[in-house]
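# Coordinate analysis (summary)
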Protein chains: 2
Amino acid sequence: MISSDYFNFKVLKQSTMSNARLGLIHTPHGDVRTPAFIFCGTKANVKGITPFQLHEAGTQIILSNTYHLLLQPGIDVLRKAGGLQKFTGWNAPMFTDSGGFQIFCLGYGSVCSEIKGIKSAPTRKTLLTVTEEGATFRSYLNGNKILLTPELSIQAQIAFGADIIVCLDECAPHHTSKMFTAEAMMRSKRWASRCLAELERSGTGKQALSAVIQGGIYGDLRRESADFANKNAFDCFAIGGSLGITKQQMFDITQMTCEMLDRKRHVHLLGIGGIPDIFNGVKCGIDTFDCVSPTRIARHGIALIKASEKEQSEYGLTKTSEQDPSTKKANNININHSRFVGDTNPISFNCDCYTCKTVSRSYIHHLFRADEMLGGQLISLHNIRFMNKLMEDIRSAIANDTLDKCQSEYLD
Amino acid sequence: MISSDYFNFKVLKQSTMSNARLGLIHTPHGDVRTPAFIFCGTKANVKGITPFQLHEAGTQIILSNTYHLLLQPGIDVLRKAGGLQKFTGWNAPMFTDSGGFQIFCLGYGSVCSEIKGIKSAPTRKTLLTVTEEGATFRSYLNGNKILLTPELSIQAQIAFGADIIVCLDECAPHHTSKMFTAEAMMRSKRWASRCLAELERSGTGKQALSAVIQGGIYGDLRRESADFANKNAFDCFAIGGSLGITKQQMFDITQMTCEMLDRKRHVHLLGIGGIPDIFNGVKCGIDTFDCVSPTRIARHGIALIKASEKEQSEYGLTKTSEQDPSTKKANNININHSRFVGDTNPISFNCDCYTCKTVSRSYIHHLFRADEMLGGQLISLHNIRFMNKLMEDIRSAIANDTLDKCQSEYLD
């Protein structure tokens, strides 16, 4: 493991009740207290929210997607800008993924939904070929063919300049055979070695590189992937690939994989961020999470609350929470519901976010009825603060050995 | 004229070079230094911008539209909320119009474009009848018939609770005869008397009522309208109706009308806010302006700059500025222009707005290419600050008798 003045990870406390732990990631752009949530700024911005507003809501770290940035604005623009932090005005820790997930998600049609156990119609396939050299796909913007190699992914991420970057991996969908999953995992190992070499050759020494742990739902494949990552000089780990189709499977595979990994390094769980998933992940030993959900649902009028608040909230159940039995106890209200027409209460009675301190549910309901983008922004501000407060509460609970109590406050 | 502890207007300095003046409007929600720009928050929000961001950009006062608020969220919701300031979280001076302009704009198809001298296709007509009682129109939301009377307009504006409210008037389009314009003006006088009576009967005593000066392009009709307003207890004046079809006509009619009005009261110019128009209006004695333009063009990628900045800005001319010979010297850059792909400069070199302090043209260009709403928000923040700074500079220039110098800095 590489630990330097630029990047290091310290475990501040290991819980004795579970694998949960408190940590501190040190980066050139500041520190991140873990467990932490990483907000998605896919195309170099968190939709509708300024860096100032992110800071005010207690945000520590955001991510951008290499796949999207490669296509728009491209490597040259970001290199000229001096990297993502200067480009976006977010002068704090950042994370970029490798681009692999999006290529294979679009390529295999439904992998990202499958990983999260969501049934959905296949989307347009844009992945053309996968060879040892790399993955060739068509730009969704102009139809150009692009060959993404491990080297190109790292060169792009060097230009983007995030503090934590990720190896290009082949993300196998759930519906494939164990053989296919094994081959993708083994190719991902070879690509990861090339990524490490490229970063050593071309990098600044200021970026941490994360190996992606693949192997799908198969314990022996996860073991092989984890052993490889443990033995090589990756700064941190990101658990990727299929985590099965049920919440229990997701929990089991996360738990199993975490236990295979060198516990001195930071562990990220890719693309997962439901509130029950976060509590489960934290107990498995996950340090950071990312998910588009908090800001995406906000733009559709869904505001996060503690389940224990629902009695006072006269909430409107959302389709998602109605459909998914694991979230029967709703962690949200749907502000589009007509109950909120004249509701002069804030979204949450206990929230210190700008939105809750400033306006009522009635006002935000009006903004959604009137098709005003400010409605989605105000709920985004709330949901961002909510997720940051959730992680603050989780950190306090780990410090005080009260994680189960914290969990029941949020979920029961 | 009504002057009270709640509302009063003081002329702080009368220029000797023109009719320009410095003033102070005192309202229950704070003071407004004039000349000032009133930003449009049509549906109880300035699109994409929070009240905090408005304050940070130096905004003194915003307006909302009675027509839109009547339809959504309606009087009851706003009354229950305790008025617009509590509803929106904008705890500062507000202005509401009467709803008349929108009814007649939609009703006559093209009146609002005509007033501003813009040729456009007629829009769908929703005005059904105009009688002595009031104007009947169809809701654009649900097709319901609504009769807007002077009394209903005032009752709505009492519930909305803005500091400055406006009499319902009949806004005659330019293409009508002098006879039609005269009849509309005379009906507007009768409606204004009913508005004054309704406010005295039902009001809180904390809202200032503005008479609308009608009469189109006809001096004798403007005189009759102004005399009526001068003689009655309106707290302030708003110049409405057709100002002709050329910039010169707009200037001449504004000048003429201003000179007819009691100079002790505050004078607003309805719906006008181009930068040349503001300089002309200020010299005529206009105290406040409103226009959707600064935030509307922002959402299309147009950022306001001083014309004197254009050499350093490598600006992209917009269609508007190319088409309108009176604004040949562009006061804006179109960030969509490919020149800005890698331009690491801020929108404006001399601007202290959040956007210019935080991000580059290249970044905002990227956001527009990527269809991210944050792009429009960041330019809105800039344009709002630009307009507030323009008005600050105009006030300093009036104080120092350097208004022509200030004008040439912005326009030449």
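Residues numbered from 1 in each chain as written. Chains lettered and ligands numbered in written order. Predicted model: local features only at pLDDT ≥ 70, side-chain atom pairs only at ≥ 80, totals over all residues.

## A closer look at the pairing of strand β3 (residues 30–34) of chain B
In summary, the side chains of a regular strand alternate between the two faces of the sheet. Residue and element names in this part refer to chain B. Of the strand pairs in this sheet, strand β2 (residues 21–27) and β3 are connected by five bridges, and their pairing is antiparallel. The partner of H26 across the bridge, within β3, is D31. Between the antiparallel neighbours β2 and β3 lie two residues. (Pairing = 2+ DSSP bridges. Helix = DSSP H or I, 4+ residues; strand = E, 2+ residues; numbered from the N terminus.)

## Focus: the interface of chain A and chain B
Listed per partner, the contact involves 33 residues of chain A and 33 residues of chain B. Secondary-structure elements contributing two or more residues to the side of chain A that touches chain B are α1 (51–56), α3 (75–81), α4 (84–88), α15 (354–358), α16 (361–369) and α17 (373–400) of chain A. When residues of the side of chain A that touches chain B are assigned to their parent elements, the largest contribution, five residues, is made by α16(A). Here the residues of the side of chain A that touches chain B are counted per class, giving 15 nonpolar, 13 polar and five charged. (Contact = placed C-beta atoms within 7 Å. Nonpolar A, V, L, I, M, F, W, Y, C, P; charged D, E, K, R; others polar.)

## Observations regarding helix α10 (residues 247–260) of chain A
Along an α-helix, residues three or four positions apart point the same way, because every turn accommodates 3.6 residues. Residues and elements named next belong to chain A. Across its 14 residues, α10 extends 20 Å between first and last C-alpha, which sits within 8% of the 20 Å expected from 1.5 Å per residue. When α10 is considered as a whole, its buried residues turn out to be M250, I253, T254, T257 and C258. Within α10, the buried residues cover an arc of 130° as seen down the axis, which keeps them to one side. Of the exposed residues in α10, the ones pointing more than 90 degrees away from its buried face are Q248 and E259. Those residues of α10 that are buried lie in contact with β11 (208–213), α9 (219–231), β12 (236–239), β13 (266–269) and α11 (275–284). (Expected span 1.5 Å × (residues − 1). Buried ≥ 20, exposed ≤ 12 C-beta atoms within 10 Å, placed from the backbone. Arc of directions from axis to C-beta.)

## Considering the sheet that holds strand β9 (residues 145–148) of chain B
Residues and elements named next belong to chain B. Taken in spatial order, the three strands line up as β7-β8-β9 in an open sheet, and their pairing is antiparallel. For this open sheet the edge positions go to β7 (127–130) and β9, each flanked by a neighbour on one side alone. The average angle at which neighbouring strand axes cross in this sheet is 20°, direction not considered. In this structure, strand β8 (residues 135–138) lies alongside β9, joined through four bridges in antiparallel fashion. Bridge assignment links F137 to a residue of β9, and that residue is I146. (Axes fitted to C-alpha atoms, helices over the stretch in contact; angles between N-to-C directions.)

## Thoughts on the sheet that holds β3(B)
Residue and element names in this part refer to chain B. In space, the three strands of this open sheet follow the order β1-β2-β3, with antiparallel pairing throughout. At either margin of the open sheet sits one strand with a lone partner, and together these are β1 (8–14) and β3. Sheet twist, expressed as the mean angle between neighbouring strand axes with direction ignored, is 15°. Two elements, β1 and β2, share six bridges in a ladder whose sense is antiparallel. By the bridge assignment for β2, V11 is matched with G23. Along the sheet, helix α17 (residues 373–400) makes contact with β1, β2 and β3, crossing β2 at roughly 125°.

## Some words on the nonpolar core
A:F237 and B:F237 are the most contacted members of the largest nonpolar core, which totals 242 residues. Apart from residues no more than four positions distant in its own chain, B:F237 is found in contact with B:S210, B:A211, B:I213, B:A229, B:L261, B:R265, B:V267 and B:H268. (Core = buried A, V, L, I, M, F, W, Y, C linked by C-beta atoms within 7 Å.)

## Side note on the relation of the copies chain A and chain B
Once chain A has been moved 0.0 Å along the axis and rotated by 180°, it coincides with chain B to within an RMSD of 0.0 Å. These values place the two chain copies in the arrangement generated by a two-fold rotation axis. Closest approach to the rotation axis among the C-alpha atoms of chain A is made by A:G48, whose C-alpha sits 4.0 Å away. The residues that chain A uses at the interface reappear at the interface of chain B in 100% of cases, marking a shared surface. (Least-squares fit on C-alpha atoms with pLDDT ≥ 70 in both.)

## Some details on the domain arrangement of chain A
All names here are of chain A. As far as domains go, chain A holds domain 1 (8–291) and domain 2 (299–411). Between the C-alpha centres of domain 1 and domain 2 the distance comes to 27 Å. The interface of domain 1 with domain 2 comprises 26 residues on the first partner and 26 residues on the second. Looking at the side of domain 1 that touches domain 2, the elements with two or more residues in it are β2 (21–27), β4 (36–40), α1 and α11. Sorting elements by how many residues they give to the side of domain 1 that touches domain 2 places α11 first, with four residues. For the side of domain 1 that touches domain 2, a count of residues per class yields 14 nonpolar, six polar and six charged. (Domains from an automatic or database assignment.)

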